[in-house]
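# A closer look at the structure
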Amino acid sequence: MFVGTVMRKIKSRTWKKQRYFRLQEDCMTIWYKSKKEWLSRNKDAQPFSVGDVEAVREGHQSEVLLSIADEFPPDRCFTLVFRGRRGNLDLVAESAGEAQSWIKGIRKLIDNLENMGQREKLDQWICDWFKKADKNRDGQMNFKEVQDLLKMMNVDMNEHHALRLFTTADKSQSGTLEDDEFVLFYKMLTQREDVLRVFQEYSGDGQKLTLQDLKDFLREEQLREDGVQQYALKLTERYEPSDTARMLQVMTFDGFLMYLTSPEGSIFNPTMVELYQDMTQPLCHYFISSSHNTYLLEDQIRGHSSVEGYIRALKRGCRCVEVDCWDGPNEEPIVYHGHTFTSKIFFKDVVTVLGNYAFKASQYPVILSIENHCSVEQQKVMAQHLTQILGDKLLKTPLHGKFPIGLPSPEDLKGKILLKGKKIGGLEDSMNGVVDDSLMGEVSDEEETAEFNDDHHRNDSIRHRKSKQSLSKELSDCVVYCKSVHFSSFKHSQIHSKFYEISSFTESKARKHIREAGAEFVLHNARQLSRVYPSGLRTDSSNFNPQDMWNAGCQIVALNFQTAGVEMDLNDGLFCQNGHCGYVLKPAFMRNIDERFDPENPQNGGYKPLSLSIQVISGQQLPKVNIKEGSIIDPLVRVEIHGVPLDQAKQETRYIDNNGFNPVWYDTLQFTIHVPELALVRFVVEDYDKTSKNDFVGQFTLPFTCIQPGYRHIHLLSKDGTSIPPSSLFVHVRITKLT
């Protein structure tokens, strides 16, 4: 890998070009360039970081490589899958041995990176900056390179101060910085005065925290109540770099900073990152991470359909995926967004991917939501594929063979795939053997039609006609706990609905019900499942605000996972708790049918509001948003509360001129939270611009109930939801009861 290898980069059956790939000395960066650039020794190359690679797939495990399977054997092919929404890199090596060298090598590097400690990660960041700044690659940095580096790092520092730091770090007085000298320069540059101030407030001598000092800090600031002595000892053992200090059971400033930037010093309570909720309640008592038109990677009109959409969604913990099925060639059903120009994929390929990836991120059940437009003959083929490919994973009969009295729990359904779709008769009929082979049900594409009717629009290019068609018994028999039914009214549902029935609502219909009968909607969702999906007018694959639907207890709130933005940030924020398992238990007042919670008027339920105070202290190494030479951001922080209408709020800090490296605010923002169980808190950093819209820099969203009080770091995420270390915010959080 260090020597470099020529491999083919494949984009399609017709686009196959040779590229030269080489691992850099840092063991973190891979460069690749065209053969022409390589032969001319052109220094321009496209690098990517090993940290950006999520997985390496061997063989023909992508649509692109499958399309050229007849040309190149699988043992020479592999796919690099990147984090976020970046496309895959499909490669063909010259030999099987060469392919294995890269497959094993990259996997080992990923493994090393994931097992790095904080100190090693810090060393790696320092090394990365050195490599970026050392333009002539001589292993040394002159003052001009240091000035360029400061601009790259988002630092606006006057020349005199920069020269003073440079001279102090240049111990050898050679006029350049080498290895250790650069580390010293970096540490002077990243000196955390804000954390030092807190450290010295609790340190008796300003040099160390004794065990008692640390216990005082943990009790008074971090509001730690139980087992404080053991916790203080554990932190010292885990984060204190000095052997002597550890032996004396004291913590130096370096150890204190390491603790505050660790997962235990994070704003997100680490005990809630793990699976911590009761998973034995009925399915309808959980919010379920759900995707809309999962097969699309882009827009709804001309977008590319791909099984990659399912792989990405499932690996993000999504537990409800959607397929639009239509009659295809040679009796093979196809999946695409009907009556549009989106590309088509085979239904059997989607089912194969579902079988392979359904339980990689979570063992809890996956719901396959079928939008069925197929003829009876091709529905039989669908049923055959589901049964043969998924085998025991597909749930075809009620659990334990007995007629259930309510929905099973995620725990009961571990490792199972449930089909959501139309069903002939009820669960009772099929269990009693009442439904005979000759009986045909009726299926209509009413959901798609409703999207357009609800929004009082007709879009000629994608007009949907309401059609009635027969339903095959084979496909009907695959539906057990998720029978799709038309919704009439809450009163009708209360009297006639069965627990295994599920209705789908367009976003506008759902909003109307919340406005007019919010409490009834919450009760309806305590008894059975509801699905809400985006308006058909969102042809750009934009999303609606899912919070409105969660406020009413809707479980399956289907979003376009391929579209980044605040809506997907909220979805990621809600489901990043509970082991990322895709299921989050609803608050007790939304599960109890004797309660009457109305999201529009929560104060009627006698809830005691809380006060949230957030002091935004500082930011660390915020990413550049404008790649223009010398451009440095003017950051501000906005804190948004997403919850019931009464709790919706946002406040901002001032913006700081020309400092994305270590801006300091000490601005305090105050909020009142009436329904904390439903609130999400979103921290957004933007680059202030007085003449146009602010540019997005980074964000982090988490449930209010997962917040740790005290001095905390917030590790920012990119627009795609991937981490951007070492970018962070430092805050102080207080939550108190309002009397």
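Residues numbered from 1 in each chain as written. Predicted model: local features only at pLDDT ≥ 70, side-chain atom pairs only at ≥ 80, totals over all residues. Heavy atoms only, no water.

### Side note on the overall build of the protein chain
How we decide: Helix numbering and strand numbering both begin at the N terminus, where a helix is a DSSP run of H or I of at least 4 residues and a strand a DSSP run of E of at least 2. Radius of gyration means the value over C-alpha atoms here, while the globule rule gives 2.2 Å times the residue count to the 0.38 power. When a residue's accessible area, from a 1.4 Å probe over protein chains only, is under 20% of the maximum for its type it is buried; when over 50% it is exposed; and in between it is partly exposed. Two residues form a contact once any of their heavy atoms are found within 4.5 Å. Note on areas: Shrake-Rupley with a 1.4 Å probe; residue coverage comes only from the protein chains shown. The charged-residue count follows a simple rule in which Lys and Arg add positive charge and Asp and Glu add negative charge, with His and chain termini not counted at all. Where a charge sits is defined by one atom per residue type, namely NZ (Lys), CZ (Arg), CG (Asp) or CD (Glu).
Helix and strand content of the protein chain: 24 helices and 30 strands. For 739 residues, the compact-globule formula gives about 27 Å, and the C-alpha radius of gyration of the protein chain, at 28 Å, lands near that figure. Projecting the C-alpha coordinates of the protein chain onto the three principal axes gives extents of approximately 90 × 75 × 55 Å. For the protein chain, the proportion of its 739 residues judged to be buried stands at 55%. Long-range contacts, defined here as pairs at least 24 residues apart, represent 68% of the contacts in the protein chain between residues at least 6 apart. Per element, the accessible surface of the protein chain, about 32,200 Å² overall, is 49% carbon and sulfur. Taking the average location of the 90 positive side-chain charges in the protein chain and that of its 102 negative ones, the two points are 2 Å from each other.

### A word on helix α16 (residues 376-390)
As a reminder of what qualifies: Every helix has an expected span of 1.5 Å times one less than the residues it contains.
Spanning 15 residues, α16 covers 21 Å between terminal C-alpha atoms, matching the ideal 21 Å at 1.5 Å per step. Regarding α16, the residues found buried are Val376, Gln378, Gln379, Val381, Met382, Ala383, His385, Leu386 and Leu390. Directly beyond the C-terminal end of α16, a positive phi value near 55° is found at glycine 391.

### Overview of the UniProt feature "active site" (unreviewed entry) in the protein chain
This is how the line gets drawn: UniProt positions are given in the numbering used here, feature names are shortened, and annotations may be inferred rather than shown by experiment. Contacts described as polar in this section are N or O atom pairs within 3.5 Å, which, within protein, must combine one atom able to donate a hydrogen with one able to accept it, while residues neighboring in sequence count only if both atoms come from side chains.
UniProt records the feature "active site" (unreviewed entry) for His292 and His337 in the present numbering. The greatest C-alpha distance among the annotated residues, which extend across 46 residues, is 11.1 Å, indicating that they converge on a single site. Not counting the four nearest positions on each side in its chain, histidine 292 is found in contact with Gln300, Glu322, Arg531, Tyr533, Pro534, Ala558, Leu559 and Asn560. In this fold, histidine 337 is placed in the loop between β12 (334-335) and β13 (345-346). Here tyrosine 295 takes part through its side chain, which lies 3.5 Å from a polar atom of the side chain of histidine 337.

### Description of the nonpolar core
Filter applied, for reference: Side-chain atoms within 4.5 Å link the members of a nonpolar core, which is a set of buried Ala, Val, Leu, Ile, Met, Phe, Trp, Tyr and Cys residues.
Tyr310, Val323, Val335, Phe347, Leu368 and Leu386 are the most contacted members of the largest nonpolar core, which has 67 residues in total. The greatest single-element share of this core, amounting to six residues, is contributed by helix α15 (residues 347-357). For leucine 368, the residues in contact, after removing those within four places along its chain, are Val321, Val323, Leu354, Leu386, Ile417, Leu418, Leu419 and Lys420. Ala679, Val697, Leu702 and Ile707 belong to the second-largest nonpolar core, a separate cluster that totals 35 residues.

### Describing helix α9 (residues 211-220)
Among the residues making up α9, those that are buried are Leu211, Asp213, Leu214, Lys215, Phe217 and Leu218. Against α8 (193-202), β8 (208-209), α10 (228-239), β9 (251-252), α12 (253-260) and β29 (710-717) lie the buried residues of α9.

### Quick word on the environment of leucine 189
With respect to the helices, strands and loops of the structure, leucine 189 is situated in helix α7 (residues 179-189). For leucine 189, a relative accessible area of 6% corresponds to the buried category. Sequence spacing of leucine 189 and valine 681 is 492 residues, and the spatial spacing of their C-alpha atoms is 31 Å.

### Details of the sheet that holds strand β1 (residues 5-10)
Strand pairing in a sheet relies on backbone hydrogen bonds. The paired strands run either parallel or antiparallel. Spelled out, the test is: Should DSSP find at least two bridges between two strands, the strands are taken to pair. Only the stretch in contact is used when a helix axis is fitted, and all axes are lines through C-alpha atoms; the angle between N-to-C directions ranges over 0 to 180 degrees.
On the basis of which strands lie adjacent, the open sheet formed by seven strands has the order β4-β3-β2-β1-β7-β6-β5 and antiparallel pairing. Where the open sheet ends on each side, the last strands, each with one partner, are β4 (46-49) and β5 (53-58). Neighbour to neighbour, the strand axes of the sheet diverge by 35° on average, direction disregarded. Of the pairings in the sheet, the one linking strand β2 (residues 16-23) to strand β3 (residues 29-34) comprises five bridges and is antiparallel in character. Looking at β3, one finds that phenylalanine 21 is bridged to tyrosine 32. Sheet strands in contact with helix α3 (residues 96-114) are β1, β2, β3, β5 and β6 (77-82), and its direction is about 150° off that of β5.

### A look at the packing of helix α6 (residues 159-169) against α7
To be explicit about the condition: Here is the rule for angles: anything less than 35 degrees is roughly parallel, anything more than 145 is roughly antiparallel, 65 through 115 is roughly perpendicular, and the remaining ranges are oblique. Each helix crossing is assigned a hand: it is left-handed if the near helix lies turned anticlockwise from the far helix by less than a right angle, otherwise right-handed if that turn is clockwise. Residue classes follow a fixed rule: Ala, Val, Leu, Ile, Met, Phe, Trp, Tyr, Cys and Pro count as nonpolar, while Asp, Glu, Lys and Arg count as charged, and any other residue, Gly among them, counts as polar.
Direction vectors running N to C along α6 and α7 enclose 140°, while the axes themselves pass 8 Å from each other. Taken together, the axes of α6 and α7 are oblique relative to one another. Note on packing geometry: the crossing formed by α6 with α7 is right-handed. Between α6, through Leu165, Phe166, Thr168 and Ala169, and α7, the contact on the second element is made entirely by Glu181, Leu184, Phe185, Met188 and Leu189. Among the residues forming the contact of α6 with α7, the class breakdown is seven nonpolar, one polar and one charged.

### Concerning the confidence of the model for the protein chain
The cut-off we apply is this: pLDDT measures how confident the predictor is about each residue, on a scale from 0 to 100.
Predicted confidence across the protein chain gives a mean pLDDT of 89, with 92% of residues reaching 70 or more. Note on residues 448-467: pLDDT under 50 across the span, and 45 contacts to partners over four residues away in sequence or across chains.

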